[in-house]
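Close look at the chain arrangement
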Amino acid sequence: MKEVDVAVVGAGPAGLAAAVEASRAGARVLILEESRRIGGRVFGHDAGPGKRHAGYLADLWRRLRSELVALEVPIVHNAAVWNVSDERVLDVSTPSGPL
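Nothing here was measured: the structure is a model prediction, and the numbers come from that model.

About the criteria used
- Residues numbered from 1 in each chain as written.
- Predicted model: local features only at pLDDT ≥ 70, side-chain atom pairs only at ≥ 80, totals over all residues.
- Heavy atoms only, no water.
- Pairing = 2+ DSSP bridges.
- Helix = DSSP H or I, 4+ residues; strand = E, 2+ residues; numbered from the N terminus.
- Contact = heavy atoms within 4.5 Å.
- Axes fitted to C-alpha atoms, helices over the stretch in contact; angles between N-to-C directions.

A closer look at the sheet that holds strand β6 (residues 97-98)
By definition, the strands of a sheet pair up through backbone hydrogen bonds, in either a parallel or an antiparallel sense. On the basis of which strands lie adjacent, the open sheet formed by three strands has the order β4-β5-β6 and antiparallel pairing. Here the strands that pair on one side only, and so sit at the sheet edges, are β4 (80-84) and β6. Sheet analysis places strand β5 (residues 90-94) next to β6, joined by two bridges and oriented antiparallel. Counterpart to Ser93 in the pairing with β6 is Pro98.

Now the structure itself:
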């Protein structure tokens, strides 16, 4: 079992931002992402006519990704969190077995 101060479930923009801020504050952080890539709905986002917000989201994603790399925050891909105990222990499944 890996002990961390903060487990972020989901690597969309909100999860990535939370992980960056927690890591900056000195917490040991682990990101658990169900898919093979980070970014969440950024890639599937339809910014609508003119696509004014699409560039902003892409820039935000790149900045957060760069900060996570610099802070050395680990990301576990293909991780499904299926339970949180009363003791704040996460049960996580990955293709290679439980985490």
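Topic: the sheet that holds strand β1 (residues 6-9)
Strand order across the open sheet formed by three strands is β1-β2-β3, with parallel pairing between neighbours. Taken across any chain shown, the strands that pair with only one partner, and hence form the sheet edges, are β1 and β3 (75-76). Pairing of β1 with strand β2 (residues 29-32), which is carried by four bridges, proceeds in the parallel orientation. What sits directly across from Val9, in β2, is Leu32. Along the sheet face, helix α1 (residues 13-24) touches β1 and β2 and points at about 170° away from the line of β2.

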